[in-house]
Structures are given as C-alpha cells and as structure tokens.
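Chain by chain, the residues:
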Amino acid sequence: MTGYDPHLRTPSGKPRARAFGIPFDGAPGTFNAITDVSGVSVGYATLISGDGPLRIGTGPVRTGVTAILPRPLGELATPVFAGVFSQNGNGELTGSHIIEETGAFNLPVTITNTHSCGVARDGTLRWMSQVLPAALDSGWGPPVAAETYDGFLNDINGHHLSFEHVEVALDAAAGGAIEEGSVGGGTGMISFGFKAGSGTASRVVAWQGSRYTVGVFVQANFGKRRNFTLRGLRAGLDLAEPAIREGTPHTEKGSIIALVATDAPFLPHQMKRLARRVPLGIGMTGGFGYHSSGDIFLAFSTANPEAALAPSGRIARADFIPDVDIDPFFDAVVQGVEEAILNALVANEDMTGRDGNFVPALPKAWLQAKFPKG
C-alpha cells in the first residue's frame with residue numbers, strides 16, 4: 001500500500017504500538033519483527049467460526065497455530081544453537097529436554113492452544129516428511145511445539161486444530177512484515193483482561209563494526225488488569241473499563257511463550273542467558289509470573305551453521321561474541337519483549353467467543369490521550 005510503514009501498521013492495516021507515539025528504547029530493524037533476522041519466517045492458520053453457547057466439538061472456535069521457521073526451507077535440517085528458560089513451568093514446550101542436553105534444535109517451531117500442542121508437534125513431522133524428507137533420514141525428530149490456554153473464548157476441548165491447519169501455517173511461513181494480534185496461535189488469547197495474542201518486535205545491535213539483529217515473537221496470554229504497565233505508567237487502575245464479560249467464569253490460566261532469534265554468533269549457554277532476560281521485558285508490562293502461568297522461553301542463533309553440522313572425526317569451531325560484551329544483546333531482548341507484548345495488545349479488536357464470553361481490546365482512545373503525537 002502507498003506510504004505503508006511496517007513500524008506503524010501490520011500488513012492488513014492494524015495499528016502497532018508505535019502508531020500511537022508510544023516511545024520505545026533501542027533501534028528496531030526494517031520490519032520491527034522477528035523476521036528481521038535473515039532466514040527466519042512466520043506463518044499462521046487462524047480458525048474463527050460460530051457464536052453462542054458452547055457445544056464441544058462444534059464450537060464456537062477461536063484458535064489457530066503459528067509456525068516459525070528458524071532457517072530457510074531447504075536448511076531446516078541444520079540445527080541452530082539454542083537455550084531454553086522456564087520462569088514458571090505451568091505449560092509445555094516440547095523438545096526442551098534435548099535442547100537442554102545438546103544446546104541446539106532443528107525443524108520448525110509451532111505455537112497453539114494447550115490441548116492442540118500434540119497435533120502441532122506431530123503435524124510438523126508430517127509436513128517435514130513431505131517437504132524435506134531427508135531431514136528425517138535418521139528416523140526421528142523432536143519438533144518444538146508450545147502452547148497457551150484459550151478456553152475462555154474457544155471450544156478448546158473440541159480439538160478443532162488439524163494436521164492440515166498445521167501444514168497451512170507452515171506453508172504460509174514468510175519473511176517481511178507479519179500480522180499481529182488475534183492470528184494464528186494467538187487467536188483466542190488474553191493479556192491483562194484485554195484481547196492479546198501474537199506480537200513481534202526487533203532490535204539492531206552494533207558490535208565491533210558489525211550490525212546484528214535480535215528478533216522477538218510472543219504469544220501473550222498472561223497478566224492481571226490491575227498490574228498492567230505501559231512504558232512505566234501503572235495503567236491498570238486507570239483501565240477498570242472496558243471489562244471482560246463472563247458468560248462462564250474466567251479462571252486464571254494465562255501464559256506467555258516467547259521466542260528470541262538472532263543472527264549474532266553465540267554459543268548455547270549464551271542463548272540460555274538471552275532467554276533468561278525475557279522475564280524482565282514481561283515485567284515491564286506488569287507480568288509477574290503467577291502460579292497458573294506457563295512462562296517458557298526459547299532463544300536461538302542462526303549463526304555458526306557449519307559448527308552446528310560438524311561431522312564426526314575432526315575439531316569443530318564456532319565464532320562467538322564474548323560474554324563480557326553481551327549486555328547490549330540483553331538490552332535488545334528486554335526491549336523487544338516489551339514492545340512485542342504491547343504490539344499484541346494494540347493490533348487487536350474486541351472478541352466474543354463461547355457462551356458470549358467477551359474480551360475488549362485495549363482502548364485506542366485511551367492510548368491517544370496518554371500518548372498525544374502533537
């Protein structure tokens with residue numbers, strides 16, 4: 001579209017946080033998205049159908065799946081160095097044990113609702129066996145699949161996500177500007193009593209004459225309204241309305257999954273260090289890691305593909321930025337996570353789901369009043 005600025009709007013025209021003049025720290029990449037990391041792509045399958053009372057197996061349906069490819073399609077068998085960190089383990093991220101053991105993973109990452117995590121995992125294997133069968137020559141694969149709970153709006157026990165939907169998301173994965181809000185796995189998600197879901201951001205870090213990118217993607221489904229904080233403004237008490245309307249009780253089952261991607265050369269222990277900084281960005285928005293929240297984070301680097309594929313019988317070598325120089329990358333993670341969460345909230349609309357359960361969007365008029373652009 002003419003004059004389109006990906007920092008201000010999503011491809012479909014939904015506003016992002018910067019459209020309201022909200023100030024952020026750090027320098028974003030070209031699209032201010034995880035896809036600013038070269039080779040990383042994102043695809044969605046979004047399922048929205050039906051209204052009225054819940055009929056398990058029929059609907060209403062408010063769910064989906066997100067696919068994130070850490071490398072281009074032909075390179076998905078090449079591992080990426082990675083680290084995982086669980087701030088609060090009330091959730092699931094498959095493949096985490098082998099990442100802890102070996103400091104790497106391959107194949108795409110999927111994020112969906114809690115009761116479809118297995119479908120997303122297995123659907124990834126089915127897709128890989130079709131598009132890149134050589135990647136499974138060893139006879140097995142441990143894909144990464146993660147989840148958050150969307151049962152307040154969605155017929156979560158109806159198991160509406162299929163292998164075909166997973167394949168749609170994987171086939172749709174692309175670089176550049178991406179959609180945010182109620183799309184993909186984020187379709188039925190809620191944060192701070194507002195409609196949330198999928199959000200992304202990126203930061204550029206300069207080091208020794210080179211420019212590296214840190215990209216973040218979140219599936220945001222966490223937080224109590226009273227704690228909501230926007231760039232240091234304790235906004236929760238100011239936003240008692242509009243309120244959630246409950247046709248059925250809204251039990252606390254919130255979570256957040258975050259992926260951090262970078263093209264900076266780091267080793268697995270350093271990727272775990274980046275993952276450990278994700279909660280600091282969440283805390284800046286008012287997320288406190290409550291008991292029912294599955295706060296699980298994965299960080300990976302696309303650098304050093306030769307080392308990740310090192311053959312048997314000879315010394316493998318990998319480049320890495322020394323730990324003493326890692327602080328600017330910590331900054332980038334915290335900044336990116338905060339903005340990605342706010343983008344998930346801003347690029348959204350009201351949603352009504354099962355049993356008339358209603359979740360409002362973060363009010364745009366309130367944002368305009370708090371951050372006048374002059």
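Note that the coordinates shown come from a computational prediction; the quantities given were computed from them, not determined experimentally. (Residues numbered from 1 in each chain as written. Predicted model: local features only at pLDDT ≥ 70, side-chain atom pairs only at ≥ 80, totals over all residues. Heavy atoms only, no water.)

(A) Examining unusual backbone geometry more closely. Here the bond from glycine 59 into proline 60 is cis, since omega is 0°, no more than 30 degrees from zero. Structurally, proline 60 can be placed in the loop between strand 1 (41-49) and strand 2 (61-69). In this structure, the amide linkage connecting glutamate 241 to the following residue, proline 242, adopts the cis form with an omega of 0°. Among the structural elements, proline 242 can be located in the loop between strand 12 (233-234) and strand 13 (255-262). One non-glycine residue with positive phi stands out, namely histidine 159, at about 50°. Residue position: histidine 159 is located in the loop between strand 6 (144-148) and helix 3 (163-172). Of note, arginine 231 is a non-glycine position whose phi angle comes to about 50°, a positive value. (Helix = DSSP H or I, 4+ residues; strand = E, 2+ residues; numbered from the N terminus.)

(B) Inspection of the pattern of salt bridges at higher detail. One pass over the full model with this rule turns up 12 salt bridges. A salt bridge links lysine 14 to glutamate 179; the shortest N-O distance between them is 3.7 Å. Of this pair, lysine 14 sits in the segment before strand 1 while glutamate 179 sits in the loop between helix 3 and strand 7 (190-191), and the two are 165 residues apart along the sequence. Using a relative accessible area of 17% as the deciding quantity, one classes glutamate 179 as buried. Linking glutamate 180 and arginine 16 is a salt bridge whose minimum nitrogen-to-oxygen distance equals 2.6 Å. (Salt bridge = Lys/Arg side-chain N within 4 Å of Asp/Glu carboxyl O. Buried < 20%, exposed > 50% of the residue type's maximum accessible area, 1.4 Å probe, protein only.)

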